[in-house]
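Each chain is listed here by its residues.
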Amino acid sequence: MIEAIFHYEFLQNAFLTGILIGIIAPLLGAFIVVRRLSLIADALSHVTLSGIAASLYVSQTVPALATLNPLYFGMVFSVLGSVFIERLRTLYKHYQELAIPIILSGGVGIGAIFISLADGFNTDLFSYLFGSVSAVSRGDLYLIGVISVVVITVIFLLYKELFLLSFDEEHAKASGIPAKAIHFIFMIMVALVIAASMRIVGILLVSSLMTLPVAASIRVAKGFKQTIGFAVLFGEISVIVGLVSAFYLNLAPGGTIVVTAIIILMMTIFIKKVRSNKPSKVEVH
């Protein structure tokens, strides 16, 4: 595959995009898991599906918009979904978890309507659902590159605030941290990363890349920064092994990436179990 990467632009796009996603998805995923908001990724991915289906329908009905990149529609819908989740969490102060299934259900419902209007599933929609090596364009790569720079910069600048909000929100608010503003920025970043990742991982599997590497990392890490480091490492391994497997086996990359992540998770669970069962040495004086 290495030789093919130098000859085919679509492989270069897919490989570089995968490397970027392998960094930013687990990076945000670490904060999502710690805050017990893992299902938000699922909700926003289904909202993104609505945006993609809407884009495909619009491109069929309005010829002038036929060349519009569905990625933009997906991002708009994903960002709007994140805004609505925050609004609903404010309305249901004592039942904030209700916001996620409400938005998830709405995303599935709107997506089903637009898919029906667009005459059902087609090859384009299938590639968005499960990812495609050949679907990533150079424009997608540039867009995901910009999103990656923004996400990494924001995490670097707001790390302390995000850390405090993730582990002790009440203390963070008492310390004068603008919790609502920072949480809103974080949700927008999650929405953008989910929309950007769908080209490689697929809409239905993107949440897995944000949570599985983190789940594996938690088993072996000894601190939050180490959790982030291992999560990014496991994410990169999953993406690279998944893309290579998809290329040689002619499979959807989303599936191979997620299966690789699951294998890594199972390995870390096994290693942790073996270490915990190993009898400790007793010194006899």
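Residues numbered from 1 in each chain as written. Predicted model: local features only at pLDDT ≥ 70, side-chain atom pairs only at ≥ 80, totals over all residues. Heavy atoms only, no water.

Q: What is the right way to read the overall build of the chain from this model?
A: Of the regular secondary structure elements, the chain holds 13 helices and 0 strands. If you list the helices and strands of the chain from N to C, you get α-α-α-α-α-α-α-α-α-α-α-α-α. The C-alpha atoms of the chain give a radius of gyration of 20 Å, which matches the 19 Å a tight globule of 285 residues would have. Seen along its three principal axes, the alpha-carbon backbone of the chain occupies a region of about 85 × 50 × 30 Å. When burial is assessed residue by residue, the chain has 47% of its 285 residues classed as buried. In the chain, of all internal contacts separated by at least 6 residues, the share reaching a separation of at least 24 is 77%. Put simply, the chain shows about 14400 Å² of open surface, and 68% of that area lies on carbon and sulfur atoms. Taking the average location of the 18 positive side-chain charges in the chain and that of its 14 negative ones, the two points are 11 Å from each other. (Helix = DSSP H or I, 4+ residues; strand = E, 2+ residues; numbered from the N terminus. Rg over C-alpha atoms; globule rule 2.2 N^0.38 Å. Buried < 20%, exposed > 50% of the residue type's maximum accessible area, 1.4 Å probe, protein only. Contact = heavy atoms within 4.5 Å. Areas by Shrake-Rupley, 256 points an atom, 1.4 Å probe, with all protein chains shown as cover. Lys, Arg positive; Asp, Glu negative; His and termini not counted. Charge placed at Lys NZ, Arg CZ, Asp CG, Glu CD.)

Q: I'm lost on the packing of aromatic side chains in this one. Help?
A: For any pair of aromatic rings, the description rests on two quantities: the centre-to-centre distance and the angle between the ring planes. One pass over the full model with this rule turns up 11 aromatic pairs. Arranged with centres 6.0 Å apart and planes meeting at 50°, the rings of Tyr57 and Phe114 form a pair that is tilted. Of the two residues, Tyr57 is situated in helix H3 (residues 38–61) and Phe114 in helix H5 (residues 99–117); the sequence distance between them amounts to 57 residues. Each residue in the set Phe31, Tyr159, Phe163, Phe167, Phe186 and Phe224 is aromatic and connected to the rest through ring pairs, giving one cluster. Directly above the aromatic system of Phe186 lies the positively charged group of Arg35, at a separation of 5.6 Å from the ring centroid. (Phe/Tyr/Trp six-rings, centres within 6.5 Å; stacked < 30°, edge-to-face > 60°. Lys NZ or Arg CZ within 6 Å of the ring centre and 35° of its normal.)

Q: Before we go on, may I ask you to explain a nonpolar patch on the surface in this structure?
A: Side chains of Val259, Ile263, Met267, Phe270, Ile271 and Val274 sit close together on the surface and give an oily, nonpolar patch of about 560 Å² of accessible area. By secondary structure assignment, the location of Val259 is in helix H13 (residues 253–277). (Patch = residues over 30% accessible without salt bridge, like charges linked within 9 Å, V, L, I, M, F, W, Y side chains within 5 Å. Salt bridge = Lys/Arg side-chain N within 4 Å of Asp/Glu carboxyl O.)

Q: I would appreciate a short explanation of the nonpolar core in the present structure.
A: Generally speaking, nonpolar side chains in soluble globular proteins are found buried as a group. Core analysis: the biggest nonpolar cluster contains 74 residues, and Leu28, Val151 and Met210 have the highest contact counts within it. Among residues more than four places away in sequence, those in contact with Leu28 are Val151, Ile155, Phe186, Met189, Val190, Val193 and Met210. (Core = buried A, V, L, I, M, F, W, Y, C linked by side-chain atoms within 4.5 Å.)

Q: Which parts of the structure should I look at to understand the confidence of the model for the chain?
A: Low-pLDDT stretches of the model should not have their predicted coordinates read in fine detail. Looking at the chain as a whole, its pLDDT mean stands at 83, while 92% of the residues score no less than 70. Here helix H1 (residues 2–7) stands out as the element of the chain with the lowest mean pLDDT, 62, in contrast to helix H12 (residues 224–249), whose mean of 91 is the highest. (pLDDT = per-residue confidence, 0-100.)

Q: Explain the packing of helix H7 (residues 138–157) against helix H10 (residues 179–197) here, please?
A: Two quantities define a packed helix pair, namely the angle between the helix axes and the distance between the axes. At a minimum axis separation of 10 Å, H7 and H10 run at an interaxial angle of 150°. Regarding the angle of H7 to H10, the classification is roughly antiparallel. H10 is crossed by H7, and the crossing has left-handed handedness. Contact with H7, carried on its side by Ile144, Ile147, Val151, Val154 and Ile155, involves Ile185, Met189, Leu192, Val193 and Ala196 of H10 and no other residues of that element. Here the residues of the contact of H7 with H10 sort into 10 nonpolar, no polar and no charged. (Axes fitted to C-alpha atoms, helices over the stretch in contact; angles between N-to-C directions. Parallel < 35°, antiparallel > 145°, perpendicular 65-115°, else oblique. Left-handed = near helix turned anticlockwise from the far one by under 90°. Nonpolar A, V, L, I, M, F, W, Y, C, P; charged D, E, K, R; others polar.)

Q: I tried to follow the packing of helix H8 (residues 159–167) against H10 on my own but got confused; where do I start?
A: Where H8 contacts H10, the axes come no closer than 11 Å and their chain directions differ by 100°. The angle between H8 and H10 falls in the class roughly perpendicular. Each of Glu161, Leu162 and Leu165 in H8 lies in contact with H10, whose residues at this interface are Ala179, Ile182 and Phe186. The class makeup of the residues in the contact of H8 with H10 is 5 nonpolar, no polar and 1 charged.

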